[in-house]
Amino acid sequence: MHAVEVNNLTKIYSGGMKSGRIAALKNFSLNVEEGKIFGLLGPNGAGKTTLIKILLGITSATHGDAKILGSDVSDYHIKKHVGYLPENHKFPSYLTGEQLLKFIADLSGYETGNINGRIDELLEMVAMFKWKKTKIKKYSKGMMQRIGLAQAMINDPDLIFLDEPTDGVDPIGRKEIRDILSHLKSKGKTIFVNSHLLSEVEVISDRVAILNKGELITEGTVDDLTSNRELYRISFEGDLPETILTGELAEYSLNRLEDKSYTLKVTNVNSLNDFIDRVRALHLNIHSIVPQKSSLEDMFISLIKESNGKNNK
Amino acid sequence: MKNTWLLTKITLQEAFARKNFIMFFAVSSFIILIIIAVFASTDLTNYTNISQMGGDQFDLRRKVAQFFRVLIIMPLFGGGLFLAIFSVSSFIPALLEKGNIDVFLSKPISRTQLLLGKYFGGILVVFLNVAYLVVAIWILTGVKFGAWEADFLLSAVSITFTFAVLYALIILIGVATQSSVLAMMLTYLIFFILSPLLLARDKWETLIKSDLVKSIADMLYYIIPKTSELGTITKDLALGNPVDSFQPVISSSLFLILTLWLGIFIFNKKDY
């Protein structure tokens, strides 16, 4: 069973007379494995929040199916096992942090003998214990995110949706949140993160999907996505003679690096194998061939540009 | 049921966090203190002399007690409901604010339970405030005049019921438009203008020649909640008079059920 299953999901918003109909999601399909951290990336307006809202029954899909933890999203009882930190959340400002967690635990149907112990444990975890008797209206943005994260975990959920969880949090706080997410993963929880902060998603996520204008551009592990299949770093035993570089291997795009290795740009894996055959035929020894990685940010920007280019044609 | 009660409780907390209901409570307490002061500083014979209505002593005492009760209840019906509508009109738009509604809808509760929780919470707040004043007046007039008609206590139910009818409309408008101002204005329009005007339509319809206008007025009379007649029922209960007709209660109940159902229906269909 997948924690999240989405099949051909389409969401069309009616924007009124002037704006017409806006497709927030277009035939979107996605599966999220249980026990993994899944990062959903995309520029503003890509449809990330719409997807989460459909999965939580806050918004309805125009077409398609969506399931969480094996149940259709229309079955609200399944949300007993789900936690959610919305973007720009507004909790009842007249409650204290402690009261909020108690209320959310009750609302989530969380039944345990020691709810106060659970509240204290979570407040300690998000470094908010000393503010537990303070009214939420007095909390800073960073504190709001921390208490928001605590409320998303209060019912010990199996699946947690986090929409921009580190928004407004300082670097130390971000590190602490990353550690909390890793801890939750180690307990077998599935975490679905929407974020603009690519570097963070790169660090914590097992799998990543990129969404643009309601369409899935790509999906895979961070390693898969950041491995650039067209660029390799090659080193040879000994120096490569200049005559070979400009002669037999002239048709290949080889660039010498400072450490005497080379980068090779090829169009596909067959081209790489052709190159290896050519080098071996010249009785040269290859020491290593390593695919080169780009950062998630480089890959993200390049894919979004490519996607926008296609859409504009 | 458990979820609805939880939301009712949180609505109570929200109401007390807003200063309006504390103010209402403070005003009620102030009125109670004034009455205590008036009763403590005057002799019972003063009231019986004022009445000069003949009959036995107990009957006179009862009438004076009723006079005080109506003196409190009728302004409570008008002014108290005015304040209550003002206070609760923002409940639904505040619930539906982005970032707030997401939290509630992501929990294992149905939208119907959520809206009913808000509805019952608002009613409970008003009932507690109204009951506080009504019971206090009943005890004070009872102690002072020895008149303990329990029917008077029903006026708290009658006022709360009138509020419940209007609050259902506030919920519907709040869900449909997310505007507290519009919800408040339409409710005041019905409570203070349309209902009294339609009740007295026999008097002004003679001035109008158009049958169409008369038909519309008649139709509106049966559709719109009969808050003016509910006021009359409240007054009868305060005076210890029998209630002539329960037709306003029945038709207003139908309005309540219909508007609340429509509000829930729209809420269940909306995207947030």
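Residues numbered from 1 in each chain as written. Chains lettered and ligands numbered in written order. Predicted model: local features only at pLDDT ≥ 70, side-chain atom pairs only at ≥ 80, totals over all residues.

J.: Would you take a moment to explain the overall build of chain A for this structure?
T.: Scanning chain A from N- to C-terminus turns up eleven helices and 14 strands. Along the first, second and third principal axes, the C-alpha set of chain A runs to 80 × 50 × 35 Å. Taken over 313 residues, chain A has a buried fraction of 36%. (Helix = DSSP H or I, 4+ residues; strand = E, 2+ residues; numbered from the N terminus. Buried ≥ 20, exposed ≤ 12 C-beta atoms within 10 Å, placed from the backbone.)

J.: Looking at this structure, how should I read the overall build of chain B?
T.: Secondary structure assignment for chain B yields 13 helices and zero strands. Counting from the amino terminus, chain B carries its helices and strands in the arrangement α-α-α-α-α-α-α-α-α-α-α-α-α. Each principal axis of the C-alpha distribution contributes one length, and for chain B these read about 65 × 50 × 30 Å. By the burial criterion, 39% of the 272 residues in chain B qualify as buried.

J.: I tried to follow the sheet that holds strand β4 (residues 63-68) of chain A on my own but got confused; where do I start?
T.: Remark on secondary structure: sheet strands pair via backbone hydrogen bonds, oriented parallel or antiparallel. Residue and element names in this part refer to chain A. The strand order β2-β1-β4-β5 describes an open sheet built from four strands, whose pairing is antiparallel. Bordering the open sheet on either side are β2 (21-32) and β5 (71-72), each of which pairs with just one other strand. Pairing analysis gives five bridges linking strand β1 (residues 4-14) to β4, with the strands arranged antiparallel. Paired with Thr-10 across the strands is His-63, a residue of β4. (Pairing = 2+ DSSP bridges.)

J.: Any chance you could explain the interface of chain B and chain A here in plain terms?
T.: A common way to state how big an interface is: give the accessible area lost once the parts meet. Of the residues lining the interface, 20 residues belong to chain B; the matching set on chain A comes to 23 residues. Of all the elements in the fold, those that place two or more residues in the side of chain B that touches chain A are α1 (2-17) and α6 (101-105) of chain B. The biggest single contributor to the side of chain B that touches chain A is α1(B), with six residues. Partitioning the side of chain B that touches chain A into residue classes produces eight nonpolar, six polar and six charged. (Contact = placed C-beta atoms within 7 Å. Nonpolar A, V, L, I, M, F, W, Y, C, P; charged D, E, K, R; others polar.)

J.: For this particular structure, what's the right way to read the environment of Lys137(A)?
T.: Residues and elements named next belong to chain A. Here Lys-137 is to be found in the loop between α4 (115-125) and α5 (141-153). Look at Lys-137 and you get exposed, because 12 C-beta atoms sit within 10 Å. Each C-alpha atom of the pair Lys-137 and His-63 lies 39 Å from the other, and the pair is 74 residues apart in sequence.

J.: Teacher, can you tell me more about the pairing of strand β12 (residues 253-256) of chain A here?
T.: In the case of a regular strand, side chains alternate between the two sheet surfaces. Residues and elements named next belong to chain A. As defined by bridge partners, β12 adjoins strand β13 (residues 262-265) across four bridges and the pair is classed as antiparallel. In the sheet register, Ser-253 faces β13, and the bridge partner there is Lys-265. Between β12 and β13, which pair antiparallel one after the other, the connecting turn spans five residues, and Lys-260 there sits at a positive phi close to 75 degrees.

J.: Where do I start with the nonpolar core in this structure?
T.: With 139 residues, the main nonpolar core has Leu55(A), Ala150(A), Tyr167(B), Ile170(B) and Ile171(B) as its most contacted residues. Among the elements that line this core, the one with the most residues is helix α8 (residues 154-177) of chain B, at 15 residues. What Leu55(A) contacts, discounting residues up to four positions off in sequence, is Val4(A), Ala66(A), Ile68(A), Val73(A) and Phe161(A). (Core = buried A, V, L, I, M, F, W, Y, C linked by C-beta atoms within 7 Å.)

J.: Explanation requested: helix α7 (residues 111-145) of chain B in the structure shown.
T.: Because the α-helix completes a turn every 3.6 residues, residues three or four places apart line up on one side. With 35 residues, α7(B) extends 50 Å between its outermost C-alpha atoms, agreeing within 8% with the 51 Å of an ideal straight helix rising 1.5 Å per residue. Looking one or two places after α7(B), you find Gly146(B), whose phi comes out positive at around 70 degrees. (Expected span 1.5 Å × (residues − 1).)

J.: What should I look at first to understand the packing of helix α9 (residues 180-199) of chain B against helix α12 (residues 227-239) of chain B in this one?
T.: Helix packing geometry: the angle between the two helix axes and the distance between the axes. Residue and element names in this part refer to chain B. Contact geometry for α9 and α12: axes closest at 7 Å, N-to-C directions at 85 degrees. Relative to α12, the element α9 is oriented roughly perpendicular. Contact residues: α9 offers Ile-190, Phe-191, Ser-195, Pro-196 and Leu-199, while α12 offers Thr-227, Ser-228 and Glu-229. Of the residues assigned to the contact of α9 with α12, the class counts are four nonpolar, three polar and one charged. (Axes fitted to C-alpha atoms, helices over the stretch in contact; angles between N-to-C directions. Parallel < 35°, antiparallel > 145°, perpendicular 65-115°, else oblique.)

J.: Could you clarify how one ought to interpret the sheet that holds strand β6 (residues 82-85) of chain A in this entry?
T.: Residues and elements named next belong to chain A. Strand order in the open sheet made by the six strands is β6-β7-β8-β3-β9-β10, with mixed pairing throughout. Pairing within the sheet leaves two strands with one partner each, and these edge strands are β6 and β10 (215-221). The average angle at which neighbouring strand axes cross in this sheet is 15 degrees, direction not considered. Here strand β3 (residues 37-41) pairs with strand β8 (residues 190-194) via four bridges, running parallel. Residue pairing in the sheet places Leu-40 in a bridge with Asn-194 of β8. Lying on the sheet, α5 is in contact with β6 and β7 (159-163); it crosses β6 at an angle near 165 degrees. Against the sheet, helix α6 (residues 171-186) touches β3, β7 and β8, its axis set at about 145 degrees to β8.

J.: Help me out: how do you make sense of unusual backbone geometry in this one?
T.: Excluding glycine, residues mostly carry a negative phi; peptide bonds, for their part, are mostly trans. Residue and element names in this part refer to chain A. One non-glycine residue with positive phi stands out, namely Asn-27, at about 45 degrees. Structurally, the position occupied by Asn-27 is in strand β2. A residue is classified by how many C-beta atoms lie within 10 Å of it, and Asn-27, with 14 of them, is partly exposed. One non-glycine residue, His-283, lies in the positive phi region at around 60 degrees. Within the element layout of this structure, His-283 appears in the loop between α10 (269-281) and β14 (286-293).

J.: Teacher, can you tell me more about α1(B) here?
T.: With 16 residues, α1(B) should reach 22 Å at 1.5 Å per residue; the first-to-last C-alpha distance of 23 Å fits that figure. In this fold, the buried residues of α1(B) make contact with α3 (97-107) of chain A together with α2 (19-41), α5 (91-95) and α7 of chain B.

J.: Would you mind showing me how to read the confidence of the model for chain B here?
T.: Any region with low pLDDT has predicted coordinates that should not be read closely. Predicted confidence across chain B gives a mean pLDDT of 89, with 94% of residues reaching 70 or more. Across the interfaces of the predicted complex, the ipTM metric reaches 0.79, alongside a pTM of 0.82. (pLDDT = per-residue confidence, 0-100.)

J.: Looking at this structure, I do not really get the environment of Trp138(B). What am I missing?
T.: Residue and element names in this part refer to chain B. Following the sequence through the fold, Trp-138 ends up in helix α7. Taking the C-alpha atoms as reference points, Trp-138 and Glu-149, eleven residues apart in sequence, are found 8.3 Å from one another. Excluding residues within four positions of it along the chain, Trp-138 makes contact with Phe-152 and Leu-153.

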